[in-house]
Amino acid sequence: MARSWGRNYHLIVEFAPNLFMAQFHSAEPMHFVIAKQPWTMGSNNLLIEWINPDEDRKFNEDYTFETLYVPIRIYGILCKIGEPSDLHLLTESMLFAKGSYILGIAKVNVLKTVKDRVRLTITESTSITAYIHYEKIGRICNFCGIMFHTVLHYSKRRELFMERIAKKQSVADIPFERFGKWMTEI
Ligand SMILES: [Zn+2]
(Lines give C-alpha, C1' and ligand atoms only; values in the text may rest on other atoms or scores of the structure.)
Protein backbone atom coordinates (compact mmCIF):
# COMPACT_ATOMS: atom_id res chain seq x y z
CA MET A 1 0.00 0.00 0.00
CA ALA A 2 2.64 2.49 1.08
CA ARG A 3 4.74 1.78 -1.99
CA SER A 4 1.90 2.66 -4.35
CA TRP A 5 1.81 6.10 -2.80
CA GLY A 6 5.09 6.75 -4.53
CA ARG A 7 8.03 8.73 -3.25
CA ASN A 8 5.92 11.70 -2.36
CA TYR A 9 5.36 10.84 1.24
CA HIS A 10 8.03 11.84 3.65
CA LEU A 11 7.44 9.38 6.46
CA ILE A 12 4.94 6.77 7.59
CA VAL A 13 4.86 5.83 11.26
CA GLU A 14 2.69 3.22 12.93
CA PHE A 15 2.08 4.90 16.26
CA ALA A 16 -0.60 2.50 17.49
CA PRO A 17 -1.67 -0.91 16.15
CA ASN A 18 -3.15 -0.34 12.68
CA LEU A 19 -2.95 3.41 13.17
CA PHE A 20 -0.49 5.08 10.84
CA MET A 21 0.56 8.65 10.32
CA ALA A 22 1.94 9.71 6.96
CA GLN A 23 3.70 12.99 6.32
CA PHE A 24 3.88 14.45 2.85
CA HIS A 25 6.33 16.82 1.22
CA SER A 26 3.55 18.92 -0.21
CA ALA A 27 -0.20 19.21 -0.37
CA GLU A 28 -0.54 17.76 -3.86
CA PRO A 29 0.38 14.13 -3.14
CA MET A 30 -1.62 14.28 0.07
CA HIS A 31 -4.70 15.38 -1.83
CA PHE A 32 -4.06 12.58 -4.30
CA VAL A 33 -4.09 10.04 -1.47
CA ILE A 34 -7.30 11.50 -0.04
CA ALA A 35 -9.06 11.78 -3.40
CA LYS A 36 -8.05 8.32 -4.61
CA GLN A 37 -9.88 6.53 -1.81
CA PRO A 38 -10.74 3.83 -1.04
CA TRP A 39 -7.29 2.33 -0.45
CA THR A 40 -7.27 -1.37 0.24
CA MET A 41 -5.03 -3.84 2.00
CA GLY A 42 -6.30 -7.25 1.02
CA SER A 43 -10.03 -7.11 1.62
CA ASN A 44 -9.63 -4.42 4.24
CA ASN A 45 -10.11 -0.74 3.60
CA LEU A 46 -7.93 2.00 4.96
CA LEU A 47 -9.71 4.92 6.61
CA ILE A 48 -8.03 8.30 6.33
CA GLU A 49 -8.27 11.39 8.43
CA TRP A 50 -6.43 14.55 7.54
CA ILE A 51 -4.54 16.38 10.24
CA ASN A 52 -2.99 19.78 10.17
CA PRO A 53 0.57 19.63 11.51
CA ASP A 54 0.30 23.27 12.60
CA GLU A 55 -2.49 22.43 15.01
CA ASP A 56 -2.06 20.81 18.40
CA ARG A 57 -1.54 17.08 18.30
CA LYS A 58 -4.73 15.08 18.56
CA PHE A 59 -5.16 12.18 20.95
CA ASN A 60 -5.80 8.78 19.41
CA GLU A 61 -9.41 8.83 20.58
CA ASP A 62 -9.98 12.16 18.81
CA TYR A 63 -9.80 10.41 15.47
CA THR A 64 -13.21 9.23 14.33
CA PHE A 65 -12.33 7.91 10.84
CA GLU A 66 -15.95 8.11 9.85
CA THR A 67 -15.65 9.40 6.31
CA LEU A 68 -14.70 7.43 3.23
CA TYR A 69 -14.81 8.57 -0.38
CA VAL A 70 -16.17 5.71 -2.46
CA PRO A 71 -16.67 5.48 -6.22
CA ILE A 72 -20.19 4.18 -6.65
CA ARG A 73 -21.76 2.61 -9.69
CA ILE A 74 -25.45 3.24 -10.12
CA TYR A 75 -27.08 0.46 -12.12
CA GLY A 76 -30.56 0.19 -13.48
CA ILE A 77 -31.12 3.73 -14.66
CA LEU A 78 -29.92 3.27 -18.21
CA CYS A 79 -31.31 -0.16 -18.93
CA LYS A 80 -34.35 -0.52 -16.78
CA ILE A 81 -37.36 1.75 -16.85
CA GLY A 82 -40.16 0.69 -14.57
CA GLU A 83 -40.65 -1.52 -11.58
CA PRO A 84 -38.74 -4.75 -10.95
CA SER A 85 -41.17 -7.47 -12.06
CA ASP A 86 -43.09 -9.20 -9.30
CA LEU A 87 -43.36 -12.29 -11.52
CA HIS A 88 -39.63 -12.80 -11.95
CA LEU A 89 -36.93 -13.25 -9.39
CA LEU A 90 -34.55 -10.33 -9.63
CA THR A 91 -31.08 -11.74 -10.12
CA GLU A 92 -27.84 -9.88 -10.28
CA SER A 93 -27.05 -11.37 -13.67
CA MET A 94 -30.28 -9.96 -15.13
CA LEU A 95 -29.73 -6.59 -13.64
CA PHE A 96 -26.06 -6.15 -14.32
CA ALA A 97 -25.78 -8.08 -17.60
CA LYS A 98 -25.76 -5.01 -19.79
CA GLY A 99 -23.12 -3.41 -17.64
CA SER A 100 -24.30 0.13 -18.16
CA TYR A 101 -23.98 2.31 -15.12
CA ILE A 102 -23.40 5.82 -13.96
CA LEU A 103 -20.23 6.42 -11.95
CA GLY A 104 -20.01 8.90 -9.14
CA ILE A 105 -18.04 9.48 -5.97
CA ALA A 106 -19.94 9.41 -2.71
CA LYS A 107 -18.72 10.75 0.61
CA VAL A 108 -19.91 7.99 2.90
CA ASN A 109 -20.24 8.00 6.68
CA VAL A 110 -18.87 4.53 7.49
CA LEU A 111 -20.69 4.44 10.83
CA LYS A 112 -24.07 4.54 9.11
CA THR A 113 -26.10 2.12 7.04
CA VAL A 114 -25.44 2.51 3.33
CA LYS A 115 -28.10 2.24 0.64
CA ASP A 116 -28.28 -0.72 -1.71
CA ARG A 117 -30.89 0.91 -3.93
CA VAL A 118 -32.65 4.20 -4.44
CA ARG A 119 -36.04 5.02 -5.89
CA LEU A 120 -36.00 7.86 -8.36
CA THR A 121 -39.20 9.61 -9.32
CA ILE A 122 -39.15 10.47 -12.99
CA THR A 123 -42.66 11.77 -13.49
CA GLU A 124 -45.74 11.74 -11.29
CA SER A 125 -46.56 8.21 -12.43
CA THR A 126 -43.10 6.80 -13.22
CA SER A 127 -40.30 5.85 -10.90
CA ILE A 128 -37.13 3.86 -11.32
CA THR A 129 -35.27 1.69 -8.86
CA ALA A 130 -31.53 2.15 -9.18
CA TYR A 131 -29.04 -0.24 -7.59
CA ILE A 132 -25.81 0.86 -6.00
CA HIS A 133 -22.43 -0.85 -6.13
CA TYR A 134 -19.54 0.35 -3.96
CA GLU A 135 -16.18 -0.04 -5.69
CA LYS A 136 -13.23 -1.54 -3.82
CA ILE A 137 -15.14 -2.07 -0.61
CA GLY A 138 -14.28 -5.55 0.64
CA ARG A 139 -17.16 -6.07 3.03
CA ILE A 140 -20.61 -4.61 3.57
CA CYS A 141 -23.02 -6.46 5.87
CA ASN A 142 -26.05 -7.71 3.97
CA PHE A 143 -28.04 -7.62 7.18
CA CYS A 144 -27.38 -4.18 8.69
CA GLY A 145 -25.86 -2.38 5.69
CA ILE A 146 -22.77 -1.21 7.54
CA MET A 147 -19.31 -1.50 5.99
CA PHE A 148 -16.31 -3.57 7.06
CA HIS A 149 -17.99 -6.70 8.37
CA THR A 150 -20.12 -9.45 6.85
CA VAL A 151 -23.41 -10.88 8.04
CA LEU A 152 -21.56 -14.05 9.10
CA HIS A 153 -19.64 -12.03 11.65
CA TYR A 154 -22.57 -9.96 12.82
CA SER A 155 -23.39 -11.15 16.32
CA LYS A 156 -26.48 -8.95 16.71
CA ARG A 157 -28.28 -10.93 14.01
CA ARG A 158 -27.40 -14.20 15.73
CA GLU A 159 -28.58 -12.88 19.09
CA LEU A 160 -31.84 -11.63 17.61
CA PHE A 161 -32.33 -14.96 15.89
CA MET A 162 -31.76 -17.00 19.07
CA GLU A 163 -34.00 -14.69 21.07
CA ARG A 164 -36.87 -15.18 18.59
CA ILE A 165 -36.36 -18.95 18.55
CA ALA A 166 -36.43 -19.03 22.35
CA LYS A 167 -39.70 -17.08 22.35
CA LYS A 168 -41.08 -19.29 19.56
CA GLN A 169 -41.53 -16.20 17.37
CA SER A 170 -41.17 -15.93 13.61
CA VAL A 171 -37.71 -15.33 12.18
CA ALA A 172 -39.03 -14.60 8.68
CA ASP A 173 -38.05 -10.93 8.92
CA ILE A 174 -34.42 -11.67 9.83
CA PRO A 175 -32.99 -13.26 6.70
CA PHE A 176 -29.28 -13.28 5.88
CA GLU A 177 -29.79 -10.69 3.21
CA ARG A 178 -31.79 -7.56 3.69
CA PHE A 179 -29.39 -5.69 1.43
CA GLY A 180 -28.40 -6.77 -2.08
CA LYS A 181 -25.12 -8.56 -2.70
CA TRP A 182 -24.55 -6.22 -5.65
CA MET A 183 -23.30 -3.62 -3.13
CA THR A 184 -19.92 -5.39 -3.18
CA GLU A 185 -20.25 -8.09 -5.88
CA ILE A 186 -21.06 -7.65 -9.53
ZN1 LIG B 1 -24.03 -6.08 10.13
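Residues numbered from 1 in each chain as written. Predicted model: local features only at pLDDT ≥ 70, side-chain atom pairs only at ≥ 80, totals over all residues. Heavy atoms only, no water.

Per an unreviewed UniProt entry, the chain carries the name DUF4283 domain-containing protein and comes from Brachypodium distachyon.

Colleague: What exactly am I supposed to notice about helix α3 (residues 155-166) here?
Modeller: In an α-helix, one turn spans 3.6 residues; hence positions three or four apart end up facing the same way. For α3, with 12 residues, the first-to-last C-alpha span of 16 Å sits near the 16 Å given by 1.5 Å per residue. Positioned one or two residues after α3, Lys168 has a phi angle of 55 degrees, which is positive. (Helix = DSSP H or I, 4+ residues; strand = E, 2+ residues; numbered from the N terminus. Expected span 1.5 Å × (residues − 1).)

Colleague: Just to check I follow, could you spell out the side chain of His149 for this structure?
Modeller: One can find His149 in the loop between β8 (127-134) and α3. Residue His149 is classed as buried on the basis of its relative accessible area of 19%. When residues no more than four places from it in sequence are discounted, the contact partners of His149 are Arg139, Ile140, Cys141, Cys144 and Tyr154. (Buried < 20%, exposed > 50% of the residue type's maximum accessible area, 1.4 Å probe, protein only. Contact = heavy atoms within 4.5 Å.)

Colleague: Sorry if this is basic, but what is going on with the packing of aromatic side chains here?
Modeller: Each aromatic ring pair is described using two quantities: the centre-to-centre distance and the angle formed by the ring planes. Taken as a whole and assessed by the stated rule, the structure comprises four aromatic pairs. An angle of 50 degrees between the planes, with centres 5.2 Å apart, marks the rings of Tyr75 and Tyr101 as tilted. Of this pair, Tyr75 sits in strand β5 (residues 67-75) while Tyr101 sits in strand β6 (residues 101-109); the two residues are 26 residues apart in sequence, bridging distant segments of the chain. Owing to a relative accessible area of 3%, Tyr75 belongs among the buried residues under this scheme. Over the aromatic face of Phe143 sits the side chain of Arg157, whose NZ or CZ is 5.8 Å from the ring centroid. We note Arg178 situated over the ring of Phe143; from NZ or CZ to the ring centre the distance is 3.9 Å. (Phe/Tyr/Trp six-rings, centres within 6.5 Å; stacked < 30°, edge-to-face > 60°. Lys NZ or Arg CZ within 6 Å of the ring centre and 35° of its normal.)

Colleague: In this structure, what is going on with the environment of Glu66? I would like to understand it.
Modeller: Here Glu66 is to be found in the loop between β4 (44-46) and β5. Glu66 has contacts with Val108, Asn109, Val110 and Leu111, leaving out every residue within four places of it along the chain.

Colleague: Would you take a moment to explain the coordination of the zinc ion for this structure?
Modeller: Put simply, a metal with four donors set out as a tetrahedron has ideal angles of 109.5 degrees, and one with six donors set out as an octahedron has ideal angles of 90 or 180 degrees. Cys141 (SG), Cys144 (SG) and His149 (NE2) make up the full set of protein donors to the zinc ion, lying at 2.1 to 2.3 Å. Counting the intervening residues between successive donors of the zinc ion yields the motif C-x2-C-x4-H. Summarising the burial analysis for this pair, Cys141 and His149 share the class buried. (Donors = N, O, S within 2.8 Å, 3.2 Å for Na, K, Ca; no water.)

Colleague: Just checking my understanding: could you explain unusual backbone geometry for this structure?
Modeller: Residues other than glycine predominantly adopt negative phi, and peptide bonds predominantly adopt the trans conformation. Cis geometry marks the peptide bond from Gln37 to Pro38; its omega dihedral reads 0 degrees. Counting through the fold element by element, Pro38 comes out in the loop between α1 (27-35) and β3 (39-41). For Phe148, which is not glycine, the phi dihedral falls at a positive 80 degrees. For Phe148, the location among the structural elements is in the loop between β8 and α3. Using a relative accessible area of 26% as the deciding quantity, one classes Phe148 as partly exposed. One non-glycine residue, Lys168, lies in positive phi territory at about 55 degrees. Within the secondary structure, Lys168 is located in the segment after α3.

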